[in-house]
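# Commentary on secondary and tertiary structure
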Amino acid sequence: MGRDNRRSIVADKTARSAGPVHRTADAAGPSSPPAVAELPAEPRAGLPGGYPVELPADDYTAGMQHHKPPPYSSPSDSSLDPQARSQLPKGPQYYPGLPVLDYRQYSPPMFELSADSTTISSKASYLSENSKALATLLRSLATVPPKPQVLIQGNRGRKVDFSIKLNLMNLLVSGDPHDRLDYLRCVGKDEVALRGGSEPGLKPDFGVDNGLEAWCDRFIKDSTSIKTFTLERVVANLDTNWLEGQIRSLVAATDYKGQVTVQFPVTHAKVIIQNPDKHNKFLTSVTSLFSSKSKYEVVKAVWPFATGRNGEHGRRCIVQSEKTWWEEWRDPIKFAIATKRQGWVTNEDKLECIMESKGKGISLIDWGPEL
């Protein structure tokens with residue numbers, strides 16, 4: 001009897017040693033941070049193009065408060081999980097301090113960005129074969145604005161004394177999605193444009209309501225050996241003349257005697273679709289010199305700075321007026337010019353002017369000997 005009892009005890013210990021080890025940490029589960037969330041996109045009723053709805057940053061932050069990672073947790077790579085990757089939502093992305101946009105639309109698959117960052121282009125065959133796919137893509141790419149900038153340069157002869165740039169893109173995107181005024185616009189019947197072929201004209205005309213789909217269908221059916229379809233992103237109702245006047249007055253107040261250039265370049269402004277090369281690129285380039293080309297420049301994504309031109313009654317700006325913007329950036333611009341900056345003027349410069357009064361009190365500047 002005692003021998004059987006000892007055998008039972010030994011067998012029980014053996015079974016326990018072979019079983020799982022229970023720890024407090026295991027009961028709590030592995031620590032991992034929450035998955036990065038993106039804001040959903042929904043079509044906005046009443047506007048052409050179905051622009052994505054963007055949620056305010058406060059709503060996004062409130063929704064994330066219940067998903068705080070534990071201290072010292074390491075990031076998890078969800079891209080390694082095919083199921084998790086397929087479930088990631090599409091739509092606008094939230095980056096603190098930046099407009100809420102779907103930034104993936106600036107570099108879609110099978111597109112190349114030009115060296116000057118003004119144009120993305122593609123020769124993907126499906127975009128020259130499927131009119132519905134082309135129209136859907138163009139509507140998506142129209143949901144993000146171009147990047148307007150201010151370029152201010154001063155030079156004496158070959159010497160560049162200063163060359164500064166400022167980004168104006170945030171002035172086109174309101175924090176409240178209901179205040180967005182961007183829209184997709186097809187060429188009107190009385191507008192001269194490249195409507196197929198190599199010469200601008202007034203025909204054909206498909207109207208405003210069904211214009212995009214009709215133009216895409218015509219492009220697909222065009223049998224020309226080389227054909228392109230262009231979407232242009234444009235800025236409307238920004239008074240660049242008023243801003244240029246303020247900038248030139250500011251530079252003149254520093255007693256600068258050189259040549260001043262003020263420009264308003266726009267990058268990420270065009271999307272070009274071209275039918276693919278049937279032969280190698282060299283033969284295609286030679287053929288293009290002698291064959292006809294068909295160009296379609298009939299669609300624009302319009303991004304208004306304001307509801308009307310400066311000075312018009314009832315004008316409402318999407319974010320702020322030209323005057324308000326100038327009052328905020330006048331001192332950072334003056335300080336950058338005074339220090340002979342070569343590069344961007346950013347929010348960091350504005351913060352230093354607010355906190356440290358940089359740019360204030362600067363009048364005459366020693367520009368050195370005349371060249």
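Report on the accompanying structure. Nothing here was measured: the structure is a model prediction, and the numbers come from that model. (Residues numbered from 1 in each chain as written. Predicted model: local features only at pLDDT ≥ 70, side-chain atom pairs only at ≥ 80, totals over all residues. Heavy atoms only, no water.)

We now examine the sheet that holds strand β9 (residues 270–274). Taken in spatial order, the 6 strands make up an open sheet running β1-β2-β9-β6-β10-β5, and their pairing is mixed. With partners counted over all chains shown, the strands left at the sheet margins are β1 (112–113) and β5 (183–186), one partner each. As judged from the 10 bridges shared by strand β6 (residues 226–236) and strand β10 (residues 293–304), these two strands associate in the parallel manner. Directly across from Leu 231, in β10, lies its bridge partner Val 299. Those strands touched by helix α5 (residues 131–141) are β5, β6 and β9, and its axis lies near 25° from that of β6. Most of the contacts of helix α6 (residues 211–221) go to β6, to which it runs at about 155°, and overall it touches β5, β6, β9 and β10. (Pairing = 2+ DSSP bridges. Helix = DSSP H or I, 4+ residues; strand = E, 2+ residues; numbered from the N terminus. Contact = heavy atoms within 4.5 Å. Axes fitted to C-alpha atoms, helices over the stretch in contact; angles between N-to-C directions.)

Moving on: the packing of aromatic side chains. Applying the stated criterion across every chain, the model contains 11 aromatic pairs. Both rings, one in Trp 215 and one in Tyr 296, keep their centres 6.4 Å apart while their planes meet at 65°; by these two values the pair is edge-to-face. With a gap of 81 residues between them, Trp 215 in helix α6 and Tyr 296 in strand β10 connect regions that are remote in the sequence. The class for Trp 215 is buried, based on a relative accessible area of 1%. By relative accessible area, which is 1% here, Tyr 296 ends up buried. (Phe/Tyr/Trp six-rings, centres within 6.5 Å; stacked < 30°, edge-to-face > 60°. Buried < 20%, exposed > 50% of the residue type's maximum accessible area, 1.4 Å probe, protein only.)

Before going further, it helps to spend a moment on the packing of helix α9 (residues 322–338) against helix α10 (residues 347–356). Helix-helix packing is described using two parameters, namely the angle between the two axes and the distance between the axes. Relative orientation of the contacting elements α9 and α10 amounts to 90°, with a least axis distance of 9 Å. Put simply, α9 runs roughly perpendicular to α10. Contacts between α9 and α10 involve Glu 328, Trp 329, Asp 331 and Pro 332 from the first element and Asn 347, Asp 349, Lys 350 and Cys 353 from the second. Here the residues of the contact of α9 with α10 are counted per class, giving 3 nonpolar, 1 polar and 4 charged. (Parallel < 35°, antiparallel > 145°, perpendicular 65-115°, else oblique. Nonpolar A, V, L, I, M, F, W, Y, C, P; charged D, E, K, R; others polar.)

None of the figures reported here should be taken as evidence of function without further support.
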